[in-house]
Structures are given as C-alpha cells and as structure tokens.
Amino acid sequence: MLKKDLILRNPLRLIEHETEDILPEGGFGAVLSRAGIGKTAFIVQLALNNILRDKNVLHISLADPVNKVSLWYEETLRNIALLYDIKPIDKLYEAILAHRLIMTFQVGGFSVPKLAERLSDITEQNIFRPQMMLIDGLPFDDTTYDSLSELKVFAKQHGLHVWVTIRTHRHENESPDGLPLQFTGVSDLFEVAIQLQPEGEQIHVNLLKGKSIATSNTQFFLDPATMLIKDSM
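Residues numbered from 1 in each chain as written. Predicted model: local features only at pLDDT ≥ 70, side-chain atom pairs only at ≥ 80, totals over all residues. Heavy atoms only, no water.

A. Representation of the side chain of Ser33 within the structure. With respect to the helices and strands, Ser33 occurs in strand S1 (residues 28-33). Of the residues examined, Ser33 reaches a relative accessible area of 1% and is grouped as buried. The contacts of Ser33, once residues within four sequence positions are left out, are Gly38, Lys39, Ile166, Arg167, Thr168 and Leu196. (Helix = DSSP H or I, 4+ residues; strand = E, 2+ residues; numbered from the N terminus. Buried < 20%, exposed > 50% of the residue type's maximum accessible area, 1.4 Å probe, protein only. Contact = heavy atoms within 4.5 Å.)

Written out as structure tokens, the structure is:
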C-alpha cells in the first residue's frame, strides 16, 4: 500500500505513465540543464519511480562517489514521504536498496566494453540484473555519438531503459530547431528529451522530445527547496 500511495501521488506518473515506461527497451532519454539546476535530483526521482514498481535500477555516476549518490536517494525519498505525510519510511528505504545498484567510473575510464565487463560480473552471479540504467556526468564532445551508438546497441541487447544527463551552457545559443547545441548532434539516438529550465524562482520541466509532448497539458516544475517534481494540476 505504501508503494502504491507514492506511485499514485508522484507527478512522474503523468510523464512516465503508471504502468508503462516512456522509453522502449533499448530506448534513450536525456535530461538537460546547466550545472546545478537539478539533473541528478530529477534522474533519482525517475529511478525511485521505477524502483517503487519493483524494477531494478543501475545508477552509474562519473562525477560523484557511491556514498554521495546514495545520500541523494535517501534524502529524495524522505522529502517525498514528508511531502505526502507517508510513514514509516525506513523499511521502504531498505526495500528500495534491493532494487538499486550504484556503479562509479572515472570520466575518462568509462566505455561500453568496460561497462559490459563489470555488468557481466554481477549478472552472471545473479547479484543484480538491471532493467533501467542512469548515466550521470557523461561528457559530450565530438566522440560522443559513436560511444552512444555503441551503448544503444548494448542497451537493446540487454533490454535496458537508459537515461543520460547532459550539461548545457548558459552562453551557448540554441540550434535552429530549438534544441541545446550539446544535444543536436546526438538527438536522433534519443526517444525522449527533457530540459530543466530556470525562469525566475521556478525551474520548468520542459519536454523537448517524446510522445508525451503531444498528449500532456500538464506543466511540471522542480521545487527549488526540495528539488522534487511537482505539477500544475
């Protein structure tokens, strides 16, 4: 009942839907924003929404150590529980740990062959078999397209839903089609793209690409105090 309550009250159900995924197996989703706006907080909430539906999530961080990423999950879940006055939360957090694995790489040390090797170690021993994968901190440059293409093949082979954070820059203009420049060269690899855009005291959650753009009239925001997703309904 506790999990069901959180799923029903979570605004993400309107983006991800309650019983289905916004991404197909092997699909890519991007979360874009400038530094410090809330990309990690957003993907942690995507992860929690899937974990509450008993799906296994592999969180790969190229920027933060395991203990810092773990703290993101604990604080985010506690903020959600506080917002909706849901108690107790400790047993729920323990249950969540069984569905989440954090893996870290040095930025220059991440590659699909290395990921495959480390993932093989844990899946062949039945330690953990992810259904969703988050990659936080991946740098985007001229070589990124080939790496992401290789990763997409890997994701399809393993039936993974993959979300990637992309850092944008304040001083760079958008491309003619309205997409951030960092995203234009790789956009064909992504089924969904979400941009976190600060405007005044609000952080807007804008859907740049994906089928939900045409079907949802709801506006989404990040609460600057808690970094939780909220909607306009």
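B. Molecular detail of the packing of helix H4 (residues 66-83) against helix H5 (residues 90-97). Close contact between H4 and H5 brings their axes to 11 Å; oriented N to C, the two are set at 140°. One element, H4, and the other, H5, form an angle in the oblique class. Handedness of the H4/H5 crossing: right-handed. Residues Ser70, Tyr73, Glu74, Leu77 and Arg78 of H4 touch H5, and the partners they reach there are Asp90, Leu92, Tyr93 and Ile96. (Axes fitted to C-alpha atoms, helices over the stretch in contact; angles between N-to-C directions. Parallel < 35°, antiparallel > 145°, perpendicular 65-115°, else oblique. Left-handed = near helix turned anticlockwise from the far one by under 90°.)

C. Structural context of the sheet that holds strand S9 (residues 229-231). On the basis of which strands lie adjacent, the open sheet formed by nine strands has the order S3-S2-S4-S5-S1-S6-S7-S8-S9 and mixed pairing. The sheet terminates laterally at strand S3 (100-104) and S9, the two strands that pair on one side only. Neighbour-to-neighbour, the strand axes of this sheet turn through a mean angle of 25°, independent of strand direction. Relative to strand S8 (residues 220-222), strand S7 (residues 202-209) is paired through three bridges, and the arrangement is antiparallel. Bridge assignment links Val205 to a residue of S8, and that residue is Phe220. (Pairing = 2+ DSSP bridges.)

D. Geometry of the nonpolar core. Counting residues in each nonpolar core, the largest one holds 39 residues, and the members touching the most others are Phe42, Tyr73, Leu134, Trp163, Leu196 and Leu222. Counting only elements with at least two residues in this core, the list comes to helix H3 (39-51), H4, H5, strand S4 (132-136), strand S6 (192-199), S7 and S8. A per-element tally of this core places H3 first, with eight residues. Non-local contacts of Phe42, meaning those with residues more than four positions away in its chain, are made with Val31, Ile194, Leu196, Val205, Leu222 and Ile229. Counting 31 residues, the second-largest nonpolar core is a separate cluster that includes Leu115, Met133, Leu151 and Leu160. (Core = buried A, V, L, I, M, F, W, Y, C linked by side-chain atoms within 4.5 Å.)

E. Spotlight on the packing of aromatic side chains. Under the definition given, this model contains three aromatic pairs. Aromatic pair Phe105 and Phe110: ring centres 5.1 Å apart, planes at 85°, arrangement edge-to-face. Phe105 sits in the buried class, given a relative accessible area of 9%. Within the aromatic cluster, the residues linked to one another by ring pairs are Phe28, Phe183 and Phe190. For the cation-ring pair, Arg118 lies above Phe105, with the distance from its terminal atom to the ring centre recorded as 4.4 Å. (Phe/Tyr/Trp six-rings, centres within 6.5 Å; stacked < 30°, edge-to-face > 60°. Lys NZ or Arg CZ within 6 Å of the ring centre and 35° of its normal.)

F. A look at the environment of Asp142. Along the polypeptide, Asp142 turns up in the loop between S4 and helix H7 (144-158). Asp142 gets classed as exposed once you look at its relative accessible area, which sits at 81%. Taking the C-alpha atoms as reference, Asp142 lies 8.7 Å from Gly185; in sequence the two are 43 residues apart.

G. Representation of the environment of Ser175 in the model. Mapped onto the elements of the fold, Ser175 is located in the loop between strand S5 (161-167) and helix H8 (181-184). Apart from residues lying up to four places away in sequence, Ser175 is in contact with Leu181 and Thr184.

H. Quick peek at H4. The terminal C-alpha atoms of H4 lie 26 Å apart, and with 18 residues this matches the ideal 26 Å at 1.5 Å per residue to within 8%. Among all positions in H4, only Val69, Ser70, Tyr73, Thr76, Leu77, Ile80 and Ala81 are buried. Burial along H4 is one-sided: seen end-on, the buried residues are contained in an arc of 135°. Exposed side chains of H4 directed beyond 90 degrees from the buried face belong to Asn67, Leu82 and Leu83. In the stretch just after H4, Asp85 is the one whose phi turns positive, near 55°. (Expected span 1.5 Å × (residues − 1). Arc of directions from axis to C-beta.)

I. Representation of the side chain of Lys55. With respect to the helices and strands, Lys55 occurs in the loop between H3 and strand S2 (57-61). Residue classification places Lys55 among the buried positions, given a relative accessible area of 19%. Ignoring sequence-local partners within four residues, the contact set of Lys55 consists of Asp21, Asn50, His99 and Gln131.

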